[in-house]
Amino acid sequence: MSEIRGKTDSDSDSDEDEAGKSDTSMSTISRHDFGDESDEPSFSISIIENMKEDYGLFVWPCSVILAEYVWQQRYRFSGAGVVELGAGTSLPGLVAAKLGSDVTLTDDSNRLEVLENMKRVCELNKLKSKVMGLTWGVWDAPIFDLCPKIILGADVFYDASAFDDLFATVTCLLENSPGSVFITTYHNRSGHHLIEFLMVKWRLKCVKLLDGFSFLPPDKASGLSGNIQLAEIVLCCEQAEETSSSIVR
């Protein structure tokens, strides 16, 4: 269940002191719960959002679904190196961090307000995840130092003109870490055929495809809508095939 709390006057004042130039009147803190009393560990993640629904400052349905999948697949994330691409409010990456992953949260290097909000959200949840500017298709030195076992991306297929750069970045990260996997949730829009074409171009293959609502608890599913798919994608090469059985489990 998610809970949204409007900010107090003192919250707004501190934000204005810190940011100086942002409109904090539209900011809220939403709480996202994972597990229940019978689960170990159960926890909540708090997210600072802008209710104007700025793309990188709002928790979208794909992010909720991917975060739930991370929780349900938690045995895979303990101790794993994780990079979230286009993280925005970073809910999936923060769940991974809570489960013991070594997480690097990334978003467009030019979106400084998004990167700053990511740092604030990490502090709010007392998590020490790294925050890094990473623009898809731009080969800055830091990208070559990233060797994640799991790459996360929630609703990163929203701008067709950026798909090629995204796949180039994903391929680079997968090649940096043999046996790694890209897990993404996306709305099944008209760009689906372009996604398939670019997967072939970049020598990638899908090893798991799920309806995003098929594993979502009823209380979370009731507040969401859309045709959302979850895919696990790996390098389409002999080594990836040899390790795919362990990835799919």
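I will try to describe carefully the structure that is included in this document. Along each chain, residue indices are assigned from 1 in the same order as the chain's sequence is written. Reporting in this predicted model follows two pLDDT cut-offs: at least 70 for local features of residues, and 80 or more for side-chain atom pairs to be given and counted; totals over whole chains, interfaces and linings ignore these cut-offs and use all residues. In computing side-chain values, all of the structure's heavy atoms are included and hydrogens and water are not.

Let's shift gears to the environment of isoleucine 47. To qualify as a helix, a DSSP run of H or I must reach at least 4 residues; to qualify as a strand, a run of E must reach at least 2; elements of each kind are numbered from the N terminus. Relative to the assigned elements, isoleucine 47 resides in strand S3 (residues 43–50). On a C-alpha basis, the gap between isoleucine 47 and leucine 91 in space is 7.3 Å, while along the polypeptide they are 44 residues apart. Here isoleucine 47 is in contact with Thr28, Ile29, Ser30, His32, Val59, Thr89, Leu91, Leu94 and Val121, once residues within four sequence places are set aside. Pairs of residues are marked as contacts when any of their non-hydrogen atoms sit within 4.5 Å.

Let us look at the packing of helix H5 (residues 163–176) against helix H6 (residues 192–201). Every axis in this analysis is a line fitted to C-alpha atoms, fitted for helices over the stretch in contact. Angles between the N-to-C directions lie between 0 and 180 degrees. Taken N-terminus to C-terminus, the directions of H5 and H6 make an angle of 40 degrees; their axes are 10 Å apart at the nearest point. Relative to H6, the element H5 is oriented oblique. Regarding H5 and H6, the two cross each other, and that crossing is right-handed. The residues of H6 that touch H5, namely those facing Phe163, Asp164 and Phe167, are Leu194, Ile195, Leu198, Met199 and Lys201. Across the contact of H5 with H6, the residue classes break down as six nonpolar, no polar and two charged. An angle below 35 degrees is treated as roughly parallel, one above 145 as roughly antiparallel, one from 65 to 115 as roughly perpendicular, and anything else as oblique. Take the far helix as the reference: if the near one is turned anticlockwise from it by less than a right angle, the crossing is left-handed, and if turned clockwise, right-handed. Only Asp, Glu, Lys and Arg are considered charged in this grouping, and only Ala, Val, Leu, Ile, Met, Phe, Trp, Tyr, Cys and Pro are considered nonpolar; every other residue, Gly among them, is considered polar.

The next point concerns unusual backbone geometry. The bulk of non-glycine residues show a negative phi, and the bulk of peptide bonds are trans. The phi torsion at lysine 126 lies on the positive side, around 55 degrees, for a residue other than glycine. Relative to the elements of secondary structure, lysine 126 occurs in the loop between helix H4 (112–124) and strand S6 (130–133). Buried means the residue's accessible area, taken with a 1.4 Å probe over protein chains only, is under 20% of the maximum for its type, while exposed means over 50%, and partly exposed covers the values in between. Accessibility expressed as a relative area gives 74% for lysine 126, which makes it exposed.

With that out of the way, let us pick up the pairing of strand S4 (residues 81–85). Judged by how many residues are buried, S4 sits mostly within the fold: four of five residues are covered. If DSSP finds at least two bridges between two strands, the strands pair. Where S4 lies against strand S5 (residues 102–107), four bridges are found, and the strand directions are parallel. Within S5, the residue paired with valine 83 across the bridge is threonine 104. Handedness of a crossover is defined as follows: orient the strands so they point away from the viewer, and if the path from the first strand over the helix to the second runs clockwise, the crossover is right-handed. The parallel pair S4 and S5, bridged by helix H3 (residues 91–98), forms a crossover whose chirality is right-handed. Both S4 and strand S7 (residues 150–154) contribute to a ladder of four bridges, which runs parallel. Note that in S7 the partner of valine 83 across the bridge is isoleucine 151.

Now for the nonpolar core. As used in this record, nonpolar core signifies buried Ala, Val, Leu, Ile, Met, Phe, Trp, Tyr and Cys residues forming a set joined through side-chain atoms within 4.5 Å. By size, the foremost hydrophobic cluster in this structure holds 44 residues, and its most contacted members are Ile45, Phe77, Leu91, Val95 and Ile183. The leading source of residues in this core is helix H2 (residues 61–72), at eight residues. Each residue touching leucine 91, except ones within four places of it in the same chain, is listed here: His32, Phe34, Ile45, Ile47, Val59, Ser63, Val64 and Ala67. Of all hydrophobic cores here, the second largest spans 27 residues; its members include Leu146, Leu173, Leu174 and Met199.

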